[in-house]
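Each chain is listed here by its residues.
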Amino acid sequence: MARDAKHCPVSPMKNSLLVTAGILLIIQAASCQRVRVDPEVEAYPTESVDLRCQFVDEGNTKLTQVSWIWEPTEGQRDNIAVFHPIYGESFPDSPFNGRVRFIQGTLTNPSITITSLKMADAGRYTCEYATYPSGNEQGTTNLVILAKPKNSASPVIVQASTSGKPVVVAQCEAADGKPAATIKWMGEVGGTDNTTSKKGLDGTVTVRSVYLLVPTPEDNGKEVTCMISQRTQDKPQTFPMKLSVEYPPTVSIVGYDNNWYIGRTDAVLTCQATGNPVPTNVTWTAMSGRMPDTVQIADNKLIVRKVDEAVNTTFVCEVKNRLGVSKHQVTTAVIEQRKKTAGPSTAAIIGGIIGVVLLLVIVGAIIMVVRKRKQNAENGDGPPKHKPPPPVKTGSSTEMLNKHVTDPVTKELTETQPLSKVYYETSGEPVTDLDACDVDDDNTLGGGAANGGSPAVLEDSIQYADIDDTLNDGALPPYSGADGHHVDEPPSTTVARGESFVSAAMYV
C-alpha cells in the first residue's frame, strides 16, 4: 500500500468547529497526496533493498529537484541522494557512500537501491520534491531491518540439592535478533523460569532464559524443552534437553536366596549401584578377613564356585564416584542340605487347565448361538407371521350326523341316529367331541349327556329337519337367534375347553 504526502493550504476554521476542522483537514490532505511511497519495508543485514518513490498527478506543477533524506532511529537527518534534471545525480557524504544509487534517475520516478545493509541503516527515509508553485511535497518510508536470532540451549550440570533452594538446571538464548524473540519452557519436573533481554548497539536484542529447579536424584535424565519464537522464523524452534543432576552412588547386593547348601556350585552375588557420574570403582571384601579360595570376583559380581564352610561370612560391596562412597553388605549362611522350594501344586495346575477348557467351551457355545441366530434370520425361520386356518372335518357333515343302525333282532335298518361323536383334525390340538348331542321329545337338538351336561352347540330352536335338509344340500345350517330368525353372526366363541364348539369361518 502506498502513502502520499503534500503540503496543501488549509482554510481557517472557527474555534467552535475544531472537530469538524480536523476531519476536513484529513480529507483535504488525502485528496492532495501526490508523492507515492511504501509505508514500510523489511530487509535483512547484508542484503539489498529498493525504496520506491513516484510523483503522480503532476498537472501544472513544476518539479525542480528531488532528495532522499535519512532519519535514523536515534540521530540527525542526513541527505543521502539528490537528483536534478540539469545537474544530474548527487550523493552527499553520509554513512551510505558507495551503497546507494538511483534506479532510473528521473524526476517522476526517483527510486533508490541501498546495498550491504546494516542494522544501523534502519530508520525513516523521506522522498522530498521541490516544486513550483506549491513548494515541497514528500512521502516517508519506514525501513525495518530484521535480524534472525542465533538460538541455542543447553542443560546445566548441577548436584542434588540438600538446601532446598532452586538452582539453574537449563538455559536457553536467542542472541542478536530483531525484533526480540520470545522464549517458553515446557517440562515434567515442575520448575520455574526467569527471562531477561539486552539491547545491542546495532538495535538487536539478546533474550536469555533460565530454568530453575530444586534438583533431586530422581530428576536426573528427565526432559525439559525450550521453545523460541521470533518474527523471522517460519515456526518456533524447540530444544529438548535431559537434565543432568549429579549425586553420590547408592548400592545394593542381590542374588542371595538363603539356600547356600554345602556343595552348591556357582552361587552369585551382584553389586548393583547407581549414581551420577556412574560409579566405576567396585570393591568386594569379606568381614572374616581374607576372601575364601572358592570365590572369584568379576567386575560387580562375586561368584562362589563351590559352597563350603569358608563362605559362611558377610560380604561387603563398596562403590565410588566423584561425589562419594557407598557400601552394602549381605551375610551368607551355609546349610547342610538343600531346601526344597515350593513349586506349583498339581491341584492348581489341573484347576487352571479345567478353567481354560470351560472358558473355551463357553466361548464356542456363544459363537454357535450367534451363528445359528444369524442363519435363522437369513433363512426366514422364526414364529409364523399369519393366523393358522380353522380346523377341518375329516368327513362330510351328512355322514357324521346321520348314521343307519341295524336292529340286532330283525337285522333290518330301522332308523337313523345322529352320530354321537365326530372328530376334527387340527394342527396339533387335542381331539374334541364337537357334534355329540341328544334328541329332546320335540325332536330338537338339546344338551344331553353326550355333551357332558354342557349347553348344546346349536340353539334349541334349530330343528332336526332343518339340519337334515341343510346338510343334504351340502351346506351348513345358518345360525338362528332366540326369535327363530336367521342371523349372520356366529355363536359366541367363548366356549370352555370341555365344551363342543364350531369354529367361525376365516379367510386366510
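Cut-off values and rules
- Residues numbered from 1 in each chain as written.
- Predicted model: local features only at pLDDT ≥ 70, side-chain atom pairs only at ≥ 80, totals over all residues.
- Heavy atoms only, no water.
- UniProt positions renumbered as here; feature names shortened; annotations may be inferred.
- Helix = DSSP H or I, 4+ residues; strand = E, 2+ residues; numbered from the N terminus.
- Buried < 20%, exposed > 50% of the residue type's maximum accessible area, 1.4 Å probe, protein only.
- Contact = heavy atoms within 4.5 Å.
- Areas by Shrake-Rupley, 256 points an atom, 1.4 Å probe, with all protein chains shown as cover.
- Phe/Tyr/Trp six-rings, centres within 6.5 Å; stacked < 30°, edge-to-face > 60°.
- Lys NZ or Arg CZ within 6 Å of the ring centre and 35° of its normal.
- Disulfide = S-S within 2.5 Å.
- Core = buried A, V, L, I, M, F, W, Y, C linked by side-chain atoms within 4.5 Å.
- Pairing = 2+ DSSP bridges.
- Axes fitted to C-alpha atoms, helices over the stretch in contact; angles between N-to-C directions.
- pLDDT = per-residue confidence, 0-100.

Where an unreviewed UniProt entry is consulted, the chain appears under the name Poliovirus receptor-like isoform X2, with the organism given as Salvelinus namaycush. Quoted verbatim from the Subunit (unreviewed entry) field of UniProt, the annotation for the chain is "Cis- and trans-homodimer. Can form trans-heterodimers." Recorded in UniProt for the chain, the comment headed Sequence similarities (unreviewed entry) runs: "Belongs to the nectin family."

### Structural notes on the overall build of the chain
The helix and strand inventory of the chain stands at four helices and 36 strands. Looking at the chain as a whole, 31% of its 508 residues qualify as buried. For the chain, the share of sequence-separated contacts (at least 6 apart) that also reach a separation of at least 24 residues comes to 56%. Counting every atom, the chain has about 32100 Å² of accessible surface; 53% of that belongs to carbon and sulfur.

### Quick notes on the packing of aromatic side chains
Within the structure shown, the criterion is met by eight aromatic pairs. For the pair F91 and F102, a centre-to-centre distance of 5.8 Å together with 40° between the ring planes defines the contact as tilted. Taken as a pair, F91 in the loop between β7 (88-90) and β8 (100-102) and F102 in strand β8 lie far apart in primary sequence, 11 residues in all. The class for F91 is partly exposed, based on a relative accessible area of 33%. Ring centres of Y256 and W260 lie 5.4 Å apart, and the angle between their planes is 75°; this geometry places the pair in the edge-to-face category. Exposure class is identical for Y256 and W260. Each is buried. By the ring-pair criterion, three or more aromatic residues cluster together here, those being W70, F96 and Y125. Positioned above the aromatic ring of Y44, the side-chain terminus of K148 is 5.7 Å from the ring centre.

### A word on the state of the cysteines
Per the stated rule, a full pass over the model turns up three disulfides. What pairs with C53 in a disulfide is C127, and their sulfur atoms sit 2.0 Å apart. In this structure the cystine formed by C53 and C127 twists about its S-S bond by roughly -80°; its chirality is therefore left-handed. Within this pair, whereas C53 is found in strand β4 (residues 53-55), its partner C127 is found in strand β10 (residues 123-132), the two being separated by 74 residues in sequence. Across this residue pair, the class does not change: C53 and C127 are buried.

### Some remarks on the side chain of S94
Turning to its location among the elements, S94 is positioned in the loop between β7 and β8. By relative accessible area, which is 11% here, S94 ends up buried. Non-local contacts of S94, meaning those with residues more than four positions away in its chain, are made with N79 and I80.

### Structural notes on the nonpolar core
Grouped together as the largest cluster of nonpolar side chains are 30 residues, with contacts concentrated most on W68 and Y125. Per element, the largest residue contribution to this core is four residues, and it comes from strand β5 (residues 62-72). In terms of nonpolar packing, the next biggest core, distinct from the first, is built from 20 residues, V224, F239, M241 and V245 among them.

### A word on the sheet that holds strand β23 (residues 281-286)
With antiparallel pairing, the three strands of this open sheet are ordered in space as β23-β26-β27. Looking at the sheet topology across the chains shown, the edges are occupied by β23 and β27 (324-331). With direction set aside, neighbouring strand axes in the sheet form an average angle of 20°.

### A short note on the sheet that holds strand β18 (residues 223-229)
Overall, antiparallel pairing links the three strands, which are arranged β15-β18-β19 in an open sheet. A single partner strand is all that each edge strand has here, and the edge strands are β15 (182-187) and β19 (237-242). Mean inter-strand twist for the sheet, computed between neighbouring axes without regard to direction, equals 20°. Two elements, β18 and β19, share six bridges in a ladder whose sense is antiparallel. The residue bridging V224 from the neighbouring strand is M241, located in β19.

### Topic: the pairing of strand β22 (residues 265-276)
The pairing of strand β20 (residues 245-254) with β22 spans six bridges and is antiparallel. Its bridge partner lying in β22, V254 is registered against T270. In the sheet, β22 pairs with strand β25 (residues 301-306) via five bridges, with the strands oriented antiparallel. For T270, the partnering residue across the bridge sits in β25 and is K301.

### Some words on the confidence of the model for the chain
Confidence in the prediction of the chain, expressed as mean pLDDT, is 77, and 67% of residues score 70 or more. Counting interchain partners and residues more than four positions distant, the pLDDT-below-50 stretch residues 393-403 has 28 contacts. Every residue in residues 484-501 scores below 50 in pLDDT, and together they form 26 contacts with partners more than four places removed in sequence or on other chains.

### What to know about unusual backbone geometry
Cis geometry is found at the peptide bond from K178 to P179, where omega equals 0°. Following the sequence through the fold, P179 ends up in the loop between β14 (167-177) and β15. Despite not being glycine, T46 shows a phi value in the positive range, around 75°. One can find T46 in the loop between β2 (40-43) and β3 (49-51). Positive phi values are uncommon outside glycine, yet D176 reaches one of about 55°.

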